[in-house]
Amino acid sequence: FTKYLPGGKLSICYLHFLLWNDEVKLKTKDKLLSTATVLFSKNGFYGTSINDVAAEVSVSKQGLLHHFPSKEKLYAAVIAQAAHHLVDLVEEIRTESDNAQNQLFALFKRMVCADEERLRVIILLMRELLDNRERAEQAQKWFLRPFLDDVVAIVTNGQQHGYFKGQSPLAFVYHLLGATQYYVVSRPTLDKLYTREERKLHEQHQMEMLKGIIFDA
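About the cut-offs
- Residues numbered from 1 in each chain as written.
- Predicted model: local features only at pLDDT ≥ 70, side-chain atom pairs only at ≥ 80, totals over all residues.
- Heavy atoms only, no water.
- Phe/Tyr/Trp six-rings, centres within 6.5 Å; stacked < 30°, edge-to-face > 60°.
- Helix = DSSP H or I, 4+ residues; strand = E, 2+ residues; numbered from the N terminus.
- Lys NZ or Arg CZ within 6 Å of the ring centre and 35° of its normal.
- Core = buried A, V, L, I, M, F, W, Y, C linked by side-chain atoms within 4.5 Å.
- Buried < 20%, exposed > 50% of the residue type's maximum accessible area, 1.4 Å probe, protein only.
- Contact = heavy atoms within 4.5 Å.
- Salt bridge = Lys/Arg side-chain N within 4 Å of Asp/Glu carboxyl O.

1. Quick look at the packing of aromatic side chains
Turning to step 1, where the next piece is worked out: This model, assessed by the stated rule, comprises seven aromatic pairs.
Turning to step 2, where the next piece is worked out: With 5.1 Å between their ring centres and 90 degrees between their planes, Phe45 and Tyr46 make a pair best called edge-to-face.
Turning to step 3, where the next piece is worked out: Relative to Tyr75, the ring of Phe45 has its centre 5.0 Å away and its plane inclined at 70 degrees; by these criteria the two rings are edge-to-face. In this pair, Phe45 sits in the loop between helix H1 (12-43) and helix H2 (50-57) while Tyr75 sits in helix H4 (residues 71-94), placing the two residues 30 residues apart along the sequence.
Turning to step 4, where the next piece is worked out: Through a chain of ring-to-ring contacts, the aromatic side chains of Phe40, Phe45, Tyr46 and Tyr75 assemble into a single cluster.
Turning to step 5, where the next piece is worked out: Directly above the aromatic system of Phe105 lies the positively charged group of Lys211, at a separation of 5.9 Å from the ring centroid.

2. A short note on the nonpolar core
Turning to step 1, where the next piece is worked out: Counting 55 residues, the largest nonpolar core has Leu104 and Phe108 as its most contacted members.
Turning to step 2, where the next piece is worked out: Contributions of two or more residues to this core are made by H1, H2, H4, helix H5 (100-112), helix H6 (116-130), helix H8 (145-159), helix H9 (169-185) and helix H11 (196-216).
Turning to step 3, where the next piece is worked out: Sorting elements by how many residues they give to this core places H4 first, with ten residues.
Turning to step 4, where the next piece is worked out: Excluding its chain neighbours within four sequence positions, the residues that come into contact with Leu104 are Val151, Ile154, Val155, Phe164, Phe172, Leu176 and Ile214.

3. Re the environment of Asn102
Turning to step 1, where the next piece is worked out: Relative to the elements of secondary structure, Asn102 occurs in helix H5.
Turning to step 2, where the next piece is worked out: For Asn102, the residues in contact, after removing those within four places along its chain, are Ser97 and Phe215.

4. Some points on the pattern of salt bridges
Turning to step 1, where the next piece is worked out: In this structure the tally under the stated criterion is six salt bridges.
Turning to step 2, where the next piece is worked out: Across the salt bridge formed by Arg110 and Glu92, the nearest N and O atoms sit 2.7 Å from each other. Of the two residues, Arg110 is situated in helix H5 and Glu92 in helix H4; the sequence distance between them amounts to 18 residues.
Turning to step 3, where the next piece is worked out: With a relative accessible area of 39%, Glu92 lands in the partly exposed category.
Turning to step 4, where the next piece is worked out: Residue Arg187 pairs with Glu203 through a salt bridge whose shortest N-O separation is 3.2 Å. In this pair, Arg187 sits in helix H10 (residues 187-193) while Glu203 sits in helix H11, placing the two residues 16 residues apart along the sequence.
Turning to step 5, where the next piece is worked out: A relative accessible area of 22% means that Glu203 is categorised as partly exposed.
Turning to step 6, where the next piece is worked out: A single network of salt bridges, built from pairs that share partners, joins Arg187, Asp191, Arg199 and Glu203.

This is how it looks when you write it as structure tokens:
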């Protein structure tokens, strides 16, 4: 097709080609990001290579590096997306209730009852907090900080209304995050160890314990 028309203007066909090419690039980038999210959540940063992600999407290593110049850049994009998911979740919960205890319980209840997408986000959160010692020295941006700040703000706001007395907001949030993440991540193993009836009882007790910690604090 003709790239330029008389007078130096771009032809309609070429403009359509540019739009199509941009759409293809965007789809490829989204596939790479989605695949990387699954692999990083499953195998961690150190257990996942650029080649692993590229092979899953059927693109070359150079094709991946065109979108994400390094493994660190790819991982940062994955963590940024996961962090946005969590921040959006907190914002959604805030619109449902003005009560800090209800907000905090709703947040952790949804984490406990996570679907596959949110489960991967929770696993990534756990890996980022625990599997990050070496990279922490070089990290220039902490994508999870806004999420932690938002949850801490719920506790701080609750303390202004007489809730969560005597609690250090960040320590309290970290305790809840740790307990919830550990339970959610270990769920597949628990499902194999116990019967369906026993697991239903476990889930019930988990929610009761979580509710007790939040509403009795």
